[in-house]
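# Coordinate inspection notes
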Amino acid sequence: FLFLGLMFVSCAQQDNLSVAVEMMKNKQYDSAIEMFNKVVSQTNDKDIKSNALYNIGLCYGLKEDYEKEIEYYKKAIEEYSSCQPALYELGMIYYKDKDLDNSLKVFEQLVEVNPEHEGAYYMVGVVQNDLGNKEDAIINLQKAFDLGMTDAAELLNKIK
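Residues numbered from 1 in each chain as written. Predicted model: local features only at pLDDT ≥ 70, side-chain atom pairs only at ≥ 80, totals over all residues. Heavy atoms only, no water.

### Focus: the overall build of the protein chain
Helix and strand content of the protein chain: 9 helices and 0 strands. When the helices and strands of the protein chain are read in sequence order from the N terminus, they spell out α-α-α-α-α-α-α-α-α. Overall size of the protein chain, expressed as C-alpha extent along the three principal axes, is 60 × 35 × 25 Å. Per-residue burial over the protein chain gives 42% buried out of 160 residues. If you take every contact in the protein chain between residues at least 6 apart in sequence, the share linking residues at least 24 apart comes to 41%. Summed over its atoms, the accessible surface of the protein chain is roughly 9400 Å², and 50% of this surface lies on carbon and sulfur atoms. For the protein chain, the distance from the average position of its 16 positive side-chain charges to the average position of its 27 negative side-chain charges is 2 Å. (Helix = DSSP H or I, 4+ residues; strand = E, 2+ residues; numbered from the N terminus. Buried < 20%, exposed > 50% of the residue type's maximum accessible area, 1.4 Å probe, protein only. Contact = heavy atoms within 4.5 Å. Areas by Shrake-Rupley, 256 points an atom, 1.4 Å probe, with all protein chains shown as cover. Lys, Arg positive; Asp, Glu negative; His and termini not counted. Charge placed at Lys NZ, Arg CZ, Asp CG, Glu CD.)

Shown next as structure tokens:
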């Protein structure tokens, strides 16, 4: 009975996540946030909880409430330090805000989490280049290129 009960809870959480994602697609951000919060309060699964928190952040970003967006990306990362989408989006926000030190820190964390994330290596290279660290930029951009990010070649050629 316990297994069936856990399976039911998991299915219910998946259903709630699906409904919330559909609401988000239909630009019903407040309703989606409410449904994602319901998932957060009903689960102990770090992956599901961090996914829901990430999506709450995404909703706030779509509503142009950037402080809340950052807050929820950070909550997703606190819940599950390997939450790759939250790490990437947070790094991009810092980069766009010209907070290069925090951007670099977050993208380097993402590289640690996923050593095959070509976008993270690319952004580490971009940030290192912006900071004037040409050698580190070249190393990371080359890694991004080697992993399949062909866009890295253009910046690599400019730096070299």
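### Points about helix H5 (residues 84-96)
With 13 residues, H5 should reach 18 Å at 1.5 Å per residue; the first-to-last C-alpha distance of 18 Å fits that figure. Buried within H5 we find Ala86, Leu87, Leu90, Gly91, Met92, Ile93 and Tyr94. Each element contacted by the buried residues of H5 is listed here: helix H3 (46-62), helix H4 (66-79), helix H6 (100-113) and helix H7 (118-130). Where H5 ends, the next residue or the one after it, Lys98, has phi of about 65 degrees, a positive value. (Expected span 1.5 Å × (residues − 1).)

### What to know about the environment of Gly61
Looking at the element boundaries, Gly61 is found in helix H3. Residues Gly61 and Tyr72 lie 11 residues apart in sequence; the distance between their C-alpha atoms is 9.9 Å. If we ignore the near neighbours within four places in the chain, the residues touching Gly61 are Tyr66 and Glu69.

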